[in-house]
Every structure is written in C-alpha cells, then in structure tokens.
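Listed here are the chains, written in short residue letters.
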Amino acid sequence: MTAFLGIETSLTGRRWIGPDPDTARLAEALSQRADLPPPLAHVLARRGVTPEEAQGFLAPALRDLMPDPRHLKDMDAAAARVVAALDRGERIAIFADYDVDGGSSAALLIDWLRSMGRPATLYIPDRIDEGYGPNEPAMAALARDHDLIVCVDCGTLSHGPIAAAQGADVIVLDHHLAGADLPACVAVVNPNRQDEDGSLGHLCAAGVVFLLLVELNRRLREAGRRGPDLISMLDLVALATVADVAPLTGLNRAFVRQGLKVMARRTRPGLVALGDVARLDRPPTSYHLGYVLGPRVNAGGRIGAADLGARLLATTDPTEAAQLAKRLDDLNTDRREIEGRVREAALAQAEARGTEAALAWAADDGWHPGVVGIVASRLKEAVNRPAVVIGFDGDAGKGSGRSVTGVDLGAAIQRLAAEGLIEKGGGHKMAAGLSLSRAQLEPAMARLTELMAKQGAGDRGPADLRLDGLLMPAACTVELIERLEEAGPFGASAPAPRFALPGLRIRHTRPVGQGHLKLTLSDGTMTLDAIWFDAAAKGAEAALQAHSGRPLHVAGRIEVNHWNGRQTVQLRLEDAAWAE
C-alpha cells in the first residue's frame, strides 16, 4: 500500500497508512446513504460498519447485545449455589485480585449481596507477601469461617488453594486463560476455559460477574422476588473493562457506553470522591477511566494496602469514600515516582541488550513488583515488541509482561510454566504474570523470545501510524468532535479517530511541562492550537522548534480543551513529517 501523503518515514520513524480503496468507498457510501459527516463515515468504515448497520452502531442497545448468561459453562451451578446461600443465610467470602478488575468485580458482588440483605467478607491478597490469586493459607482460613467463597478475577489455575478450602464451597468467576484441567469446585465460570467457544472471551472478570448477576436476577424474578437494579452497576463494569484493556467492541463497547452514563450521574460515592480528588471537572470518558481513575484504584494494590480500591468502589459512605480516595491519590503519586525510576533503568537495560529481538525484557534487584507491569507496558510501547519486566527479592523474581496485537503472551507464559522453565505464570493474550528463580531467568527469557518470534513479534519495526483520512483546520470544530464521539468509546481494539492535516506551517512553539510542546499551526487561513506530549522524548521537539518556516504534515486526534469554563478545539499531536 502506498504511504499516506507519501510519508514513509516521519519525525518519529513511522510510515503513515491511510484508508485503502475499499475503506474509502465504504466511507463514501456511509456519508451519502447514512447522512454522516465524511470524517465520521471514515471512522465507521475503518471498523467495517455498513450503511445499514450505522444507526445501530452509533446507538447500541445493551439489550440487543446481551447474551444469555447460561451460554457460559457452569453458570447454572454458580447461580444456583449463590441463591441457595441467600436462602440459607450462609456466610459468604469474596476473594479478589488486587487490580481494578478484581476490585470492581468484588464491589459488584458486594453491592448485589448488600441489596439482598447479605453481608460479604472481602479478602484481597497482599501483592508482595502473598502474590496473585488464591493461596492455601488464606483459603483455608476463609473456609473455617465461611460456607461459600467466590473467587473473582482469579482462581482458574488455583487447584491446590481451592482444595485447601475444606468445609466451604468455592465458585470461580474469572477470564484468565485456563489449563486443560479445572480446579475441583462448584463452578468455574470463565469464557476462556478450553471447552468454551470463545465468543465471550473478550470479557473482563467484571463482565463475567455482571452476567452472573443477570442470571441471579432472572432466577429471583421466576421465584416472584425482585433483585437490584443492575444498570446502575454498569459504572463498575465500564471501569474494569477499560482499565483491564479489554477490547471495546460488541458487548464490551455497550457496557462502557452505558457505564459512562451511569458514572456521569455521580451516584457511587467512591467514584465521586476519586473524581473529585483527581480534579475531574466534567463527565468522564474512557480516557479518564484508563488514565485518571484506574491508576488511582490500582495504586493500593500496587504499593499500599491491597483492599483500598475495592473498599472505595463498594462503600456507600461519602466520608469513608473521601478518606479512601485521598489515600489512593497519595499512593498513586508515590507509585509514579517509583515507576519513573524503574522505567528509566529498565529502558536502559533493554536498549543495552538490543531491541531487535522478538522480546524486550529487563530484570534487576529491588524493582517493586507493583510497578513492573506498568513499566512493561511502557517498554512495549517504546519498542513495539512484547515486553517483560522482572523484579528480584533475593532469589525470587516476580514479573509482568505486556504484548502487542496479534501476539499471545499469556499462552506463551503458560507454556514456560508447563515446561518447567518458570515456577508459575499465566494471564491472557495481552498481559501475563510470572514467578521464577534467578537461575531460571536467562533460560526462560531465551525460550520466551523464541516463542514470541514464532508468532512474528520479531518482524516488527516502528508501528505504522494508521489514519482515518484528511482534515483541514476549518473542519476542526466542537460539533465535529461531538459527532466523532458517537463512534466511541475508544480504547483497545477501538482506536480513537486520527487524522492528517496537510501542508501546515508553525506560527509559534512553546515548551511546557516536562518535555511537552505547545504549537500554533496555520494553513494560511485558519489557525489551530496543538500540543505534543513527550515531544522531547520522541525526538520531535528540537526538529519542530527549528522549523524555519517549512510546511509540514501533522497527524493526531482533535479534542475539546476545557479551560476556565471555555471549550476550544485542540489537536493532540502524535506525529509530523516535513511536506517538502
């Protein structure tokens, strides 16, 4: 395919890819037959939406996309056991993972049970002392005081710990990749079981929990009883879906769209307090879930008390919510400082090792296990390769990996465990965790590099920049941005609209913050404000400041900038290339 605007190598080393002829024709049909603005038509065409599907895509109805929860194996058994626990007044414990998905899943169950008059014990393991997932001492202790333990966002591979829960029944609600054998318990509800058809494999754990709640409400209705309002709980499903980087397509997209509407009503004390402490002054978007709220909920599990996030999401007390939100905000500030130090060291180590292999990895003593996942994500973004970052405490190493589209990291990590090259590990396609000894490090990373290469990870150069088409400054209006938002929410598997603005000249540049650059661009008739975050680190700041009046093509996303009660259009730059 010919490079868009002829840009083979941009200022960031990328090739620009525009709409192919078939996509351009579909966009034209969408514009004419569905009466859509051409930029919006191009966005829908890139998603493969036809003119007949356009209206349903822009206004998806959750009821049209909801599957029958009983499509998932063991759902009947799980729902029957929870209803029996309610009827018998049994003691229920919830064992959850320490991330946003785990905390949201736990809060969903706590919400539902509380509305039915049943309290639940929350247990979240300490990341450092206990590690991920159920462990034998914790499960045995919970079993002594509870009749039913529900494991959320964990448990699929926890055969030993679940067996240790003597005297209690166990239900697993999870989405991580399963092995050939499942733990012996009442139910393992997981769309990524090997005997599932995979049609719901894109759900995060909170999505799985929500389907259980739908089935529980159905059973209550059949018995002449009334369950709680589930739509009001979609704020938690939306938060978990975005924060867990689940693909925002199909049912997930509908979950997040509806959940954002619920969140805008500011009815959940924990999310209200968290938005306030983060100075969020407008209804949240998927960006805020992933980059503003999500990291703060995660902060407790990363470097503080593991249960803070789940407690915040589940509380009904505004005073407690404000206190928890403040603690999480402070921890998030600490987390950023720790992450910065580890990120700098990991990038330097990976670059010294060379970034042409199919896997980028780094490991060292003292790297906090609560930030290695974030650093792996940053490393992956820097080199466009799967990345693994491992921190050692003595001989014990705990690591986390992040993958790129089309490369299944979770399955590869599970294979390492099966081959005895690591102590344990698992996850899903885009993210995984592992534990290993110091002696296992080099052999495990060599084998993982080999497995990544077999999936084509080593064939990647700088990621192409895919663009939805051309825009001129005069077309960049608040009204157009509002129309483009109808195609959202944007995130994993649903990239935000990106356009090229050709032949502009720089009127003004000004460095701001730490390595960012503000610009004023013009086509000779209209001007447009722009900002390029991390322009210095991407090697663009110096080139743009020395522009000498040369025309350039720019690429990025148009967004509404809110400041002092005013709304203005701003271009968030992602790349640029000289036009001559």
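Structure shown above.
Chemist: In this structure, what is going on with the sheet that holds strand S4 (residues 148-152)? I would like to understand it.
Modeler: Hydrogen bonding along the main chain pairs the strands of a sheet, whether they run parallel or antiparallel. In space, the five strands of this open sheet follow the order S3-S2-S4-S5-S6, with parallel pairing throughout. Of all strands in the sheet, those bounded by a partner on one side alone are strand S3 (121-123) and strand S6 (187-189). If you compare each strand with its neighbour and ignore which way they point, the axes differ by 20° on average.

Chemist: I'm lost on the environment of Phe499 in this one. Help?
Modeler: For Phe499, the location among the structural elements is in strand S13 (residues 499-512). For the pair formed by Phe499 and Gly488, sequence separation is 11 residues and the distance between their alpha carbons is 16 Å. Sequence-distant contacts of Phe499, that is, excluding residues within four places in its chain, are made with Pro39, Val43, Leu467, Asp468, Gly469, Leu470, Leu471, Leu484, Val554, Ala555 and Gly556.

Chemist: Help me understand the environment of Lys261, please; the structure alone is not making it clear to me.
Modeler: In this fold, Lys261 is placed in helix H11 (residues 250-264). Judged by its relative accessible area of 48%, Lys261 falls in the partly exposed class. With 24 residues separating them along the chain, Lys261 and Thr285 place their C-alpha atoms 9.5 Å apart.

Chemist: Honestly, the side chain of Ser31 in this entry has me stumped. Any pointers?
Modeler: Structurally, Ser31 can be placed in helix H1 (residues 21-33). Sequence-distant contacts of Ser31, that is, excluding residues within four places in its chain, are made with Leu36, Pro38 and Ala41.

Chemist: Honestly, the pattern of salt bridges in this entry has me stumped. Any pointers?
Modeler: Think of it this way: side chains of opposite charge can pair up when their charged atoms draw near. Applying the stated criterion across every chain, the model contains 39 salt bridges. Salt-bridge contacts for Glu8 lead to Arg15; the nearest nitrogen and oxygen are separated by 3.1 Å. Measuring nitrogen to oxygen at the nearest pair gives 2.3 Å for the salt bridge that ties Asp22 to Arg25. Taken together, the positions of Asp22 and Arg25, both in helix H1 and three residues apart, correspond to about one turn of that helix. Judged by its relative accessible area of 53%, Asp22 is exposed. Exposure remark for Arg25: the relative accessible area of 53% places this residue in the exposed category. Each of Asp68, Arg70, Asp76, Glu215, Arg218, Arg219 and Glu222 takes part in a single network of salt bridges with overlapping partners.

Chemist: Please explain H11 as it appears in this structure.
Modeler: One turn of the α-helix equals 3.6 residues, which is why residues spaced by three or four share an orientation. Over its 15 residues, H11 runs 22 Å from end to end, which matches the ideal 21 Å to within 8%, given 1.5 Å per residue. Counting buried positions along H11 gives 11 out of 15 residues, so the element sits mostly inside the fold. Looking only at H11, the buried set comprises Leu251, Asn252, Arg253, Ala254, Phe255, Val256, Arg257, Gly259, Leu260, Val262 and Met263.

Chemist: Where do I start with the pairing of strand S10 (residues 424-427) in this structure?
Modeler: Along any regular strand the residues' side chains alternate between the sheet's two faces. By the bridge criterion, four bridges tie S10 to strand S11 (residues 431-437) in an arrangement that is antiparallel. From the neighbouring strand, Gly426 faces S11, where its bridge partner is Gly433. In sequence, S10 turns back onto S11 through a hairpin of three residues.

Chemist: What am I meant to see in the pairing of S13 here?
Modeler: In this structure, S13 lies alongside strand S16 (residues 552-563), joined through four bridges in antiparallel fashion. Bridge pairing in S16 places Phe499 opposite Gly556. What sits between S13 and strand S14 (residues 516-522) in their antiparallel hairpin is a turn of three residues, with Gly513 showing a positive phi close to 60°.

Chemist: Just checking my understanding: could you explain the packing of aromatic side chains for this structure?
Modeler: Given two aromatic rings, one states the distance between the centres and the angle between the planes to describe the pair. Overall, the coordinates contain three aromatic pairs when judged by the stated rule. On the basis of an interplanar angle of 25° and a centroid distance of 5.1 Å, the ring pair of Tyr287 and Tyr291 is categorised as stacked. Of the two residues, Tyr287 and Tyr291 are both situated in helix H13 (residues 286-303); the distance of four residues between them amounts to about one turn of the helix. The exposed category is assigned to Tyr291, whose relative accessible area is 57%.

Conventions and cut-offs
- Residues numbered from 1 in each chain as written.
- Predicted model: local features only at pLDDT ≥ 70, side-chain atom pairs only at ≥ 80, totals over all residues.
- Heavy atoms only, no water.
- Pairing = 2+ DSSP bridges.
- Helix = DSSP H or I, 4+ residues; strand = E, 2+ residues; numbered from the N terminus.
- Axes fitted to C-alpha atoms, helices over the stretch in contact; angles between N-to-C directions.
- Contact = heavy atoms within 4.5 Å.
- Buried < 20%, exposed > 50% of the residue type's maximum accessible area, 1.4 Å probe, protein only.
- Salt bridge = Lys/Arg side-chain N within 4 Å of Asp/Glu carboxyl O.
- Expected span 1.5 Å × (residues − 1).
- Phe/Tyr/Trp six-rings, centres within 6.5 Å; stacked < 30°, edge-to-face > 60°.

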